[in-house]
Amino acid sequence: MRKPAVPPRGPLPLPGITLGCDYNPEQWPREVWDADAVLMAEAGIDLVAINIFGWSALETRAGEYTFDDLDAVIDLLHGHGIRVNLGTATSSPPPWLTTRHPEILPVTADGTTRFPGGRQAWCPSSPVFRRHALALVEQVAKRYGQHPGVALWHVSNELGCHNALCYCEVSAEAFRGWLADRYGSIEALNAAWGTSFWSQRYGDFAEIQPPRAALSHRNPSQVLDFHRFSSDELLGYYRAEAEVIRRYATAPVTTNFMVTAHIRNLDYWSWAPHVDVIANDHYLDHRLGDPTAELSFAADLTRGLAGGGPWMLMEQAVGAVNWQPHNLAKSPAQMLRNSLTHVARGADSICFFQWRASPHGAEKFHSALIPHAGTDTVAWRSVLDLSSVLRRLAEVAGSRVVADTALIFSWPSWWAADGDGRPSEAVRYLEQVHAVYNALRELGVTVDIVAPGADLSSYRLVAAPCLYAISDPDAAVLTDYVAGGGHTVVSFFSGIADETDRIRLGGYPGAFRDLLGITVEEFCPLTPGTAITLTSGEKAGLWSERLRLTTAEALACYRDGPLPGVPAITRNTFGAGTSRYIATALEADALRHVLREAADDAGVTPTEPCDDGSVEVVRRADGDRRYVFVINHGTDDIELPANGHELVEDRPVAGMLRVPGGQVRVVREVGAR
Ligand code: GAL
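What counts and what doesn't
- Residues numbered from 1 in each chain as written.
- Predicted model: local features only at pLDDT ≥ 70, side-chain atom pairs only at ≥ 80, totals over all residues.
- Heavy atoms only, no water.
- Phe/Tyr/Trp six-rings, centres within 6.5 Å; stacked < 30°, edge-to-face > 60°.
- Lys NZ or Arg CZ within 6 Å of the ring centre and 35° of its normal.
- Pairing = 2+ DSSP bridges.
- Helix = DSSP H or I, 4+ residues; strand = E, 2+ residues; numbered from the N terminus.
- Axes fitted to C-alpha atoms, helices over the stretch in contact; angles between N-to-C directions.
- Contact = heavy atoms within 4.5 Å.
- Near = heavy atom within 4 Å.
- Polar contact = N/O pair within 3.5 Å; in protein donor to acceptor, adjacent residues only side chain to side chain.
- Areas by Shrake-Rupley, 256 points an atom, 1.4 Å probe, with all protein chains shown as cover.
- 1 Å grid on protein atoms, 1.4 Å probe; cavity = no way out; pocket = protein on both sides within 12 Å on 5 of 7 lines; lining within 4 Å.
- Sits in = over half its atoms within 2 Å of the grid points.
- Nonpolar A, V, L, I, M, F, W, Y, C, P; charged D, E, K, R; others polar.
- Points joined across faces, edges and corners; volume = space filled by probe spheres on them.
- Domains from an automatic or database assignment.
- Core = buried A, V, L, I, M, F, W, Y, C linked by side-chain atoms within 4.5 Å.
- Buried < 20%, exposed > 50% of the residue type's maximum accessible area, 1.4 Å probe, protein only.

### Focus: the packing of aromatic side chains
Under the defined criterion, the tally for this structure stands at 35 aromatic pairs. Taking 4.2 Å as the distance between ring centres and 5° as the angle between the ring planes, the aromatic pair formed by Trp122 and Phe129 counts as stacked. The ring of Trp28 is capped by Arg356, whose NZ or CZ atom sits 5.5 Å from the centre of that ring.

The following block contains the structure:
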C-alpha cells in the first residue's frame, strides 16, 4: 500500500526569493523603529517576523490587551512596503500567567518542574495554557486578520524546541486518552507493549503513567508511543491556533520547524499536511561531524516535507549563534554559501534571526543583521550583498530540485533505534543516516528525502539507512518498488522491529530478509575505535553481524574481527530490481564505493562528484527553465563545463564556468528562457 506523496507546495506568499528577518521592536525605543524601517527598505527586506515573543507586552494583565505598539510597527513596516510574518505571541507565557497558574509549567521525566525565567515554559497538554493562549490569538487574529501588511501567520515559535516532552499529571491523563484512542482496549495495548515482560501488564488505562524516570530501562514501546503522543499533542496545539487564525484571516498559516539536529521529538511528516507553508530554522552546529553536510541534509528533508515544492528558510544566523560551546563566526562568503545552498535545495525564501543584536537578554551575544557595532560592519555589508544576489536569483523561484534518488527518513525509527537497552550505544540513528546521505552528496547524487511508505516509483535508487522500526505496509512499499525494477541500499539495524518496537522474529532483518536475500542470527557490535578490515581491504567499525546468504551474493566479507569470512556487504537480485545490504559501519571511502556501484547499476545521474564534499552541484528546473548551482566550499578554484548566463555575477558563460574558492555560481543554462 503506497501512501500518497506529501502534496507539493505551491509558490510562497511573496514573489521571487524573499529576504526576511525576525524583528523584536519591543526591545528598542520607538525612535529606533523609524530608522529600522528605512534601513530594512534600503536593504531590500521583504518580510519581517514580528510579535514572536510579544505576549507580556500585548497582554499586560489577564484579559487587558494593548495593541498600540504592534499597530504602529505593522503600519510603519507596511508604509515602507515591507510585509509582515505575524507571530501569535504565544511562544512564551508572561510572568503573570505562570504566577497565577503554576500548573501550566512543564515537568521533566524525573518529576522536576521547569520554572519560568527562560522561554517556552508551558505544558503542551495544559488546557489552562491553551485557553489563555487561544484568547490572545483570537485578539491578534481579529485585529490584524485583514491587514494588507500581513503576508503570513507564524504560530508560536519552534514548537517543541524545549518543552516537547512533559511528564506532569495533566500530560499523563492526556497520554492515557491518546492510548485509549490508539488501541481501543487495554488488551491491545498490553499486546503492543509486550507488558508480559517484567510484570508490566495493565488492567486499566488508568494505571498507565508516562515513561517517567525509573530504576531500570523503561518499556521501549511505551517510550516510543510517548514520543508519538507528544508530537501529536503539539500538533493539536498548532492546529488549534491555526483554526482560530483562519476564522479571521486569509493569509497562509505556518510555524517554524527545526529539522533535524535540534528538534528530534516531532514527527514532521505528520505535521506537514497541516501547515500552509513549510518553514525551517537552520543553524550550523559545529558539534556535528560535518555541519555543512548537515545543512544540505536539513534542506533536502525540508523540501521533502514540502512535497518537493518551495519552502522557507525562516531563520538562520548571519554569523555566530550563542548557544553552542564555541560559537564560530561566519565569513560573508560562508554566509552567502549557506544561504544559496538552501536556495539550491529548494528554499524560495531566506530569513534570519534577527534584525538587530539585542543589548540584553539571553541572546545578547547572538549575531544579527545589524550587530552591536552598527551598520559600518562586515555583517551588514554581507546582508546587502546577499540581498542583491537574491534579487538576481528571483527567476529561480518556483523551479523544482532535480533528483532521481531518495532516502527514507523516519522519526519513529530515530526514537526507537536510539532507545535504552540497544546492542550498541555507539550506533545512533542520525549519524548512520548522515553517513549514507553524506556519501551520496560526495558522489554528486542529489537526494529527495521521503517518509516511510511514500511512493518511490519516480526514483532510480532508494537508500534506507538504519530504518529500524517499520510497519508491514511501509516495508511492502520498498519491497514492491524493488520487485518492480527499483534499486535499494539498506544499511544495518534496519527492518528489525515493527511499529510497536516488537522484534520481527525468524532472523534479522525481519522486514527485509527476502528483499535482501540474507538472514542474520546475531549482532556483534564492536568497541568504538576498533577497526575491522574487509576482504576488499576497506575498513569498517562499530558493528558486524553473523549473516548468512540465502539468495544474495557477498560483495565483501570480513577479513578479521569477530566474524572472519562472514559477508559484510551483499547484493541480491529481487524481482526486476536489486538490493544491497551493508552489515557494518563502513568508513567513508568504502561507503561511497558501495553507493557508487549501486548508483551505477540504477542509472543514477550524478552531478559533479567530489569525494570530500567540498563542491556541491545541484540542479533546479521548471519546464524549460534550468539552473545549476555550484557551491565551492573549498579554497581552490574549480572549473566545470557550463553554458548560459551566470546570475550571481550577472555575466554570460560560454563553455567553462570558473568558481573561485569559497564562492557560489548559479547558471541559467542555455535554452532555458
Ligand atoms: C531559534 C529561535 C529564535 C532564537 C534563535 C537563536 O531556535 O527560534 O528565537 O532563539 O534560535 O539561534
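### Considerations on the sheet that holds strand β9 (residues 279-281)
By way of backbone hydrogen bonds, the strands of a sheet pair with one another, either parallel or antiparallel. In space, the 9 strands of this open sheet follow the order β7-β6-β5-β2-β1-β11-β10-β9-β8, with parallel pairing throughout. Edge positions in the open sheet fall to β7 (253-254) and β8 (256-257), since each of these has one partner strand only. Of the pairings in the sheet, the one linking strand β6 (residues 150-154) to β7 comprises 2 bridges and is parallel in character. Across the sheet, residue Trp153 finds its bridge partner in β7, namely Val253.

### Observations concerning the sheet that holds strand β21 (residues 553-557)
Within the open sheet, the 7 strands sit side by side as β14-β13-β15-β16-β23-β22-β21. Their pairing is mixed. Both edges of this open sheet fall to β14 (447-450) and β21, since each of them pairs with a single strand only. Averaged over all neighbouring strand pairs, the angle between strand axes comes to 20°, with direction disregarded. Of the strands in this sheet, β13 (405-408) and β14 are in contact with helix α10 (residues 291-305), which crosses β14 at around 60°. Along the sheet face, helix α17 (residues 588-602) touches β15 (461-464), β16 (487-491), β22 (567-574) and β23 (577-582) and points at about 175° away from the line of β23.

### A closer look at the site of the ligand
Surveying the vicinity of the ligand reveals the residues Phe53, Arg119, Asn157, Glu158, Met258, Asp281, Tyr283, Glu315, Trp323, Phe353, Glu363 and His366. Side-chain polar atom of Trp323 to an oxygen atom of the ligand: 2.8 Å apart, as the coordinates give it. At 2.3 Å from an oxygen atom of the ligand is found a side-chain nitrogen or oxygen belonging to Glu363. When the free accessible area of the ligand is taken as 310 Å², the share hidden by the protein chains comes to 98%. For the ligand, the cavity whose grid points lie within 2 Å of the majority of its atoms is the second largest pocket. Here the residues of the shell around the ligand are counted per class, giving 5 nonpolar, 2 polar and 5 charged.

### Focus: empty space enclosed by the protein
Evaluated as defined, the whole model comprises 6 cavities of 30 Å³ or more. What the largest cavity holds in volume is close to 90 Å³. Taken together, Tyr283, Leu284, His286, Ala317, Gly319, Ala320, Val321, Gln324, Asn327, Leu328, Lys330 and Gln334 make up the lining of the largest cavity. Across the lining of the largest cavity, the residue classes tally to 6 nonpolar, 5 polar and 1 charged. Approximately 50 Å³ is the volume found for the second largest cavity. Ranked by residues supplied to the lining of the second largest cavity, first place goes to strand β25 (residues 615-622) with 3 residues. When the residues that make up the lining of the second largest cavity are grouped by side-chain class, the tally is 3 nonpolar, 3 polar and 3 charged. Taken together, domain 2 (405-602) and domain 3 (615-669) each give at least three residues to the lining of the second largest cavity, which thus spans both.

### Examining the side chain of Ser544
Tracing the chain through its elements places Ser544 in the loop between β19 (539-541) and β20 (545-549). What Ser544 contacts, discounting residues up to four positions off in sequence, is Phe523, Cys524, Pro525, Ile532, Tyr558, Pro562, Leu563 and Ala583.

### Side note on the layout of surface pockets
Considered as a void within the structure, the second largest pocket measures approximately 1300 Å³ in volume. Forming the boundary of the second largest pocket are 49 residues, of which Phe53, Ser92, Gly118, Arg119 and His162 lie nearest the centre. Among the secondary structure elements, those contributing two or more residues to the lining of the second largest pocket are α2 (55-58) and α4 (95-100). Here the lining of the second largest pocket gets 3 residues from one element, more than from any other, and that element is α2. For the lining of the second largest pocket, a count of residues per class yields 20 nonpolar, 21 polar and 8 charged.

### Let's talk about the nonpolar core
Counting residues in each nonpolar core, the largest one holds 189 residues, and the members touching the most others are Trp153 and Phe409. Within the second largest apolar cluster, 14 residues are counted, among which are Phe175, Leu179, Tyr183 and Tyr202.

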